[in-house]
Amino acid sequence: MFDDRERQFWLLHTGGWAGFALIYYLGSFLHDMRSIWLFVILLNAYAGWLITIPLRYVFRRLWRLQTWQMVLSALLCSYFVGVLWAVIKNINYWEIYKHGYRPDEWIYYFSNSVNSFSVIVCWSGLYFGIKYYQLMQHEKQNALKASTMAHQAHLKMLRYQLNPHFLFNTLNAISTLVLIKENDTANAMVSRLSDFLRYSLDKDPIKKVPLEQEIQAIEMYLDIEKVRFEDRLTVQWDVAAETREALVPSLILQPLIENAIKYAIARTEQGGCIAISAKAFGRDLLIEVADNGPGADIVNGQLQRNGGVGLPNIRERLQSLYANNFSFVIAQNQPSGVKVSIRIPYQVGQDANQD
């Protein structure tokens, strides 16, 4: 079975010579018209179609040469084919159109070689032009494919970077519970941790998920943390109904809540509250995660903390997924604490990574 390029060659090759025959035929109206002349035109076009086929296979070998060598070799090959075609056309002219008339000089069989050569050069130019165009398109597709693969690998790296970060903190808490002999609590955390990790590993980090699924994942994570903090951790949800089907990057909220627990809930003896809200505004989805902890130093929308993984990770994921069509703002919450606001395009339905 011919592939697409093979099929394209034969279509263009045949169409080109058919076009030559048509132009030749229309031009013949200026001269003596006999029915036999149409047959000669078709025979000449067929001869051109036939003798240029070997050129294709010769030109394939010329790709390995340097540019000047390739051009010179192509011109020489075109010249010899052009001369051969001129001889065939003249034989057709004398033997068919002139009904067996023989010219006095054999050199006449080579007449009009320049015209034939120019037609073959045009064929060769089109061949190389189309070949270069196909090569450029192929390289463009390869570059696009490589870019897409690199982009996907980057997203996977960012998402999976969170798993060991979160896992370390949770296992450290479980280890502490075991040391203080709270085995039942430790077992409960291990069970909830298993459920959460199963969810996170089942979700493709490249795809987006409905906010409803993200909320379910966050609730599993909060169940783990509530084992540690019990009544010290309070969570308030304010999620508009129309936003639950909106698409968001998978596990995009977990690092924000983990940050709030680490720097707000865990640092105050009485604990605190984390408020999570989502609403639609025009064509955008607005998500906020706020705490009422002691707050933090914020300069130009950046937390002044060393070694943080979660927040820079989120910003990079949003940049990779939405280019410049997003906002990620960190500000002081009122009357105390930190508030993180995310604005992304409001998308519903299937995964919208292709935008």
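The model shown is predicted, which means the values in this text are computed figures rather than measured ones. (Residues numbered from 1 in each chain as written. Predicted model: local features only at pLDDT ≥ 70, side-chain atom pairs only at ≥ 80, totals over all residues. Heavy atoms only, no water.)

Take the overall build of the protein chain next. In terms of helices and strands, the protein chain carries 9 helices and 9 strands. Burial analysis of the protein chain (355 residues in total) assigns 40% to the buried set. A fraction of 73% describes how many contacts in the protein chain between residues 6 or more apart in sequence connect residues 24 or more apart. As presented, the protein chain carries roughly 20700 Å² of accessible surface, and 58% of it is formed by carbon and sulfur atoms. (Helix = DSSP H or I, 4+ residues; strand = E, 2+ residues; numbered from the N terminus. Buried < 20%, exposed > 50% of the residue type's maximum accessible area, 1.4 Å probe, protein only. Contact = heavy atoms within 4.5 Å. Areas by Shrake-Rupley, 256 points an atom, 1.4 Å probe, with all protein chains shown as cover.)

Okay, the nonpolar core next. Ranked by size, the top nonpolar core spans 50 residues in total, and within it L256, I257, I261, I274, L318 and F328 carry the most contacts. No other element matches the 9 residues that helix α7 (residues 211-229) contributes to this core. If sequence neighbours within four positions are ignored, I261 has contacts with Y221, L222, E225, F229, L233, A266 and I274. Counting 23 residues, the second largest nonpolar core, distinct from the first, contains I41, A45, M70 and W85. (Core = buried A, V, L, I, M, F, W, Y, C linked by side-chain atoms within 4.5 Å.)

The next point concerns the environment of Y346. Here Y346 lies in the segment after β9 (338-345). For Y346, a relative accessible area of 27% corresponds to the partly exposed category. Separated by 101 residues in sequence, Y346 and E245 have C-alpha atoms that sit 9.7 Å apart. With residues up to four places along the chain from it excluded, the contact list for Y346 reads E242, T243, A246, A280, R283, D284 and L285.

Here the protein chain averages 81 in pLDDT, and 83% of its residues register 70 or above. When mean pLDDT is compared element by element in the protein chain, strand β5 (residues 284-291) scores highest at 94, while strand β7 (residues 302-303) scores lowest at 68. (pLDDT = per-residue confidence, 0-100.)

Time to look at the packing of helix α1 (residues 4-27) against helix α3 (residues 53-62). Packing of α1 against α3 brings their axes to within 12 Å, and their N-to-C directions diverge by 135°. In this view, α1 runs oblique relative to α3, as classed from their interaxial angle. The handedness of the crossing between α1 and α3 comes out as right-handed. Contacts from E6, F9, W10 and H13 in α1 reach I53, R56, Y57 and R60 in α3. (Axes fitted to C-alpha atoms, helices over the stretch in contact; angles between N-to-C directions. Parallel < 35°, antiparallel > 145°, perpendicular 65-115°, else oblique. Left-handed = near helix turned anticlockwise from the far one by under 90°.)

This part is about the sheet that holds strand β8 (residues 327-332). Pairing in this open sheet of 5 strands is mixed, and the strands run β2-β4-β5-β9-β8 from one edge to the other. With partners counted over all chains shown, the strands left at the sheet margins are β2 (233-239) and β8, one partner each. Taken pair by pair, the neighbouring strands of this sheet meet at an average axis angle of 10°, ignoring direction. As judged from the 7 bridges shared by β2 and strand β4 (residues 272-281), these two strands associate in the parallel manner. By the bridge assignment for β4, L233 is matched with G272. In this fold α7 packs onto β2, β4 and β5, with an angle of close to 170° to the strand it touches most, β2. Across the sheet, helix α8 (residues 254-265) is in contact with β2, β4, β5, β8 and β9; its angle to β4 comes to roughly 150°. (Pairing = 2+ DSSP bridges.)

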